[in-house]
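What follows is the residue order along each chain.
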Amino acid sequence: MAEGEGVEGGEGRQVKVLRKLLLILAVVLVVTGAAFWARPVSFFNEAMYLRLCVAGVHSRYVTVARHRVHYYAEGPVDGQVVVLVHGLGGRADDWRNLAPYFAKAGFRVYMPDLVGYGRSEQPTDFSYSIPDEAAAVVGFFDALGLKQVDLGGLSMGGWIVQRIAAEHPERVRRLILFDSAGIYEKPNWDTGLFTPRTPEELDQLDALLMPNPPEVPGFVARDILRVIGKNGWVIHRALGTMLTGKDVTDALLPTLKMPVLIVWGAEDRITPLDEGEKMHSLVPQSQLVVVPGCGHLVPTQCAAQIGSRVVEFVQQ
């Protein structure tokens, strides 16, 4: 063999291996891209779960009244407990931007997915009414051995926690209502938009939820509509019970004795500010904080504006 042939042969094999690796990488990228195009919501969810895991948020499950309930836990295990309840069509992740303020201040934060939402079980024999969801949250307290908590709720979650505070005042040290539903007010918008069927209806829902909503790419909108179509029956059942008006809290709010903080987006179109002002008038010991430029999703989109204020409230 002539001098140099072995080296050249080795280099040739390395080139072939490199080409194979590049081909494999190209195939992986194409397959991943196609999967992302088909199911972008799943990719976004997994990215969110990874972000929370890296941030030290624990994802766990517990059985409540025979139902499997998912929740996140964050902050020191020996801290004063804060429980945060999401709204209609929401999930525990909706607190991802606000919860760290409590955790960094030394509080132990629990964020359950309500029965039927997020990664919790979706039983077909459950009513999804405010009273039954409230009972499930109290069952969540019991399952984790939580005797007394600082309790917060967004929108429908605010309605749920109002009921818990009224029926189990010994379990709630302080109450926080974020753009809460609950009082007797007929919506002046189409409630059917909570289960949009077209990209146009999805845009209308986004415009109700937030000022200046971002443009949603067509393939993402398509997948969001697919997910909503799959889970929309839960929202329909919940709305059906809420719109009867039989579980409203107008009479319950004046009975509350614990300190209450009411936080409201000034630009909220789902539960307008005048509803927050009415709640404030019904609870003499309440404080009302109005967040300029924010819509219905205060904990998610305006956490930086309210984080220190809500922590200050629970520290008192």
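Each remark here, short or long, concerns the structure printed above.
Residues numbered from 1 in each chain as written. Predicted model: local features only at pLDDT ≥ 70, side-chain atom pairs only at ≥ 80, totals over all residues. Heavy atoms only, no water.

### A short note on the packing of aromatic side chains
Part 1: Within this structure, the stated rule accounts for eight aromatic pairs.
Part 2: Through pairs of rings, three or more aromatic residues link up here, namely Tyr71, Tyr110 and Phe140.
Part 3: The ring of Phe313 carries Arg174 above its face, with NZ or CZ at 5.1 Å from the centroid. (Phe/Tyr/Trp six-rings, centres within 6.5 Å; stacked < 30°, edge-to-face > 60°. Lys NZ or Arg CZ within 6 Å of the ring centre and 35° of its normal.)

### Digging into unusual backbone geometry
Part 1: With phi around 60°, Tyr128 is a residue other than glycine that occupies positive phi space.
Part 2: You can see Tyr128 is positioned in the loop between strand 4 (108-112) and helix 4 (130-144).
Part 3: Of note in the backbone geometry, Ser155 takes a positive phi value of approximately 55° without being a glycine.
Part 4: Mapped onto the fold, Ser155 is located in the loop between strand 5 (149-154) and helix 5 (156-167).
Part 5: A relative accessible area of 9% places Ser155 in the buried class. (Helix = DSSP H or I, 4+ residues; strand = E, 2+ residues; numbered from the N terminus. Buried < 20%, exposed > 50% of the residue type's maximum accessible area, 1.4 Å probe, protein only.)

### Here's the deal with the state of the cysteines
Where two cysteines share a covalent bond between their sulfur atoms, that bond is called a disulfide.
Part 1: Here the structure, examined in full by the defined rule, presents one disulfide.
Part 2: Disulfide pairing places Cys294 opposite Cys302 at an S-S distance of 2.1 Å. Its S-S torsion of approximately 110° makes the covalent link between Cys294 and Cys302 right-handed. For the pair Cys294 and Cys302, one class covers both residues: buried. (Disulfide = S-S within 2.5 Å.)

### Side note on the pairing of strand 5
Part 1: Along strand 5, six of the six residues are buried, which leaves the element largely enclosed by surrounding structure.
Part 2: As defined by bridge partners, strand 5 adjoins strand 6 (residues 172-178) across six bridges and the pair is classed as parallel. Along strand 6, the bridge assignment pairs Asp150 with Arg174.
Part 3: For the crossover that starts at strand 5, traverses helix 5 and ends in the parallel strand 6, the hand is right-handed. (Pairing = 2+ DSSP bridges. Right-handed = clockwise from strand over helix to strand, strands pointing away.)

### What to know about the nonpolar core
Part 1: Counting residues in hydrophobic clusters, the biggest one holds 59 residues, and the most contacted among them are Val83, Leu88, Phe141, Leu151, Ile164 and Leu175.
Part 2: In terms of residues, this core owes the most to one element, helix 4, which gives seven residues.
Part 3: Beyond its immediate chain neighbours, meaning those up to four positions away, Leu151 contacts Val83, Val85, Phe141, Val161, Ile164, Val172, Arg174, Leu175 and Ile176.
Part 4: In terms of nonpolar packing, the next biggest core, distinct from the first, is built from 31 residues, Leu98, Cys302, Ile306 and Phe313 among them. (Core = buried A, V, L, I, M, F, W, Y, C linked by side-chain atoms within 4.5 Å. Contact = heavy atoms within 4.5 Å.)

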